Amino acid sequence: MLGRKALFRLSFFLLLIASVAYSTWLLRGWLNPQMSILDSFSSELAAVGQPFNWVFRLGDATTAIIVGVVAFLWWKVRACGWLIPLTLGLFSLSTIADVLFPMACSTALSQACRIAEASHSLGIAHDLHVVTSVSANVTSMFFVGWALLRYRRGLVVPWIGAAQLAITALSGVTAAYEIPGFGIVQRLSTVLLVAWWIGFGWQIVRRGGIRPAQLRRLVVRGSQI
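All of these numbers come straight from a predicted model, not from anything done at the bench. (Residues numbered from 1 in each chain as written. Predicted model: local features only at pLDDT ≥ 70, side-chain atom pairs only at ≥ 80, totals over all residues. Heavy atoms only, no water.)

1. Digging into the nonpolar core
Now for step 1: Of all hydrophobic cores here, the largest spans 35 residues; its most connected members are W74, I84, W197 and F200.
Now for step 2: The biggest single contributor to this core is helix α8 (residues 182-207), with eight residues.
Now for step 3: Those residues in contact with W74, other than ones at most four positions away along the chain, are S11, L15, A79, C80, I84, P85, L88, F200, G201 and I204.
Now for step 4: L31, L45, V55 and F56 belong to the second largest nonpolar core, which has seven residues in total. (Core = buried A, V, L, I, M, F, W, Y, C linked by side-chain atoms within 4.5 Å. Buried < 20%, exposed > 50% of the residue type's maximum accessible area, 1.4 Å probe, protein only. Helix = DSSP H or I, 4+ residues; strand = E, 2+ residues; numbered from the N terminus. Contact = heavy atoms within 4.5 Å.)

In structure tokens:
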């Protein structure tokens, strides 16, 4: 049976694999070059009817399974409390749902698709994809935000987390209002998220788990006033 430190190293190795799997959108130029990187969502690469959509779905599914395993391992060995494993688990479920309910078509490539989406006539799977994508973004932001607040003194690269929160929020705004370039913003958010996974996972390996810093002391001091 693996010891605590071995499980930390295993979880870090798994996060490295998940980071690669979650970056399949980088293959767009070879597998689906007509898809604009500026004004399309990464999910559109996995939409029904798109070439090699199975590659991008497989990447997301692999990511979801691995992140779910890491969430379980961190919860099992109490690596960083219980809330972070919970948010990772919810991210995993949301990403699996993304794969199971792909977009019905690409709004970036088809005017008819955009019109049908606006009239909500693309079917329940397409509408559910919007919900699960938002859920994945929200849970990832909660993971990063809570880690920054709860473990800020023990983190190696807190600026990556802060940048990820800011860019993900910006991505939501640019996508909602269809501001030109929203695709780049979304992909930058993804890059920062996988960088955060790697940095946070390495910190757990290096320190043998992360314990809350400062926040608990502030609460205790406040209760004594």
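What follows picks up the thread again.
2. What to know about the packing of aromatic side chains
Now for step 1: A full pass over the atoms with the stated rule returns 10 aromatic pairs.
Now for step 2: Ring centres of F143 and W196 lie 6.5 Å apart, and the angle between their planes is 70 degrees; on these two criteria the pair is classed as edge-to-face. Of the two residues, F143 is situated in helix α6 (residues 124-150) and W196 in helix α8; the sequence distance between them amounts to 53 residues.
Now for step 3: Given the relative accessible area of 1%, W196 is considered buried.
Now for step 4: Through successive ring pairs, a cluster of aromatic residues spans W74, F143, W196 and F200.
Now for step 5: A cation over an aromatic ring shows up here: R78 above the ring of W75, its NZ or CZ 5.2 Å from the ring centre. (Phe/Tyr/Trp six-rings, centres within 6.5 Å; stacked < 30°, edge-to-face > 60°. Lys NZ or Arg CZ within 6 Å of the ring centre and 35° of its normal.)

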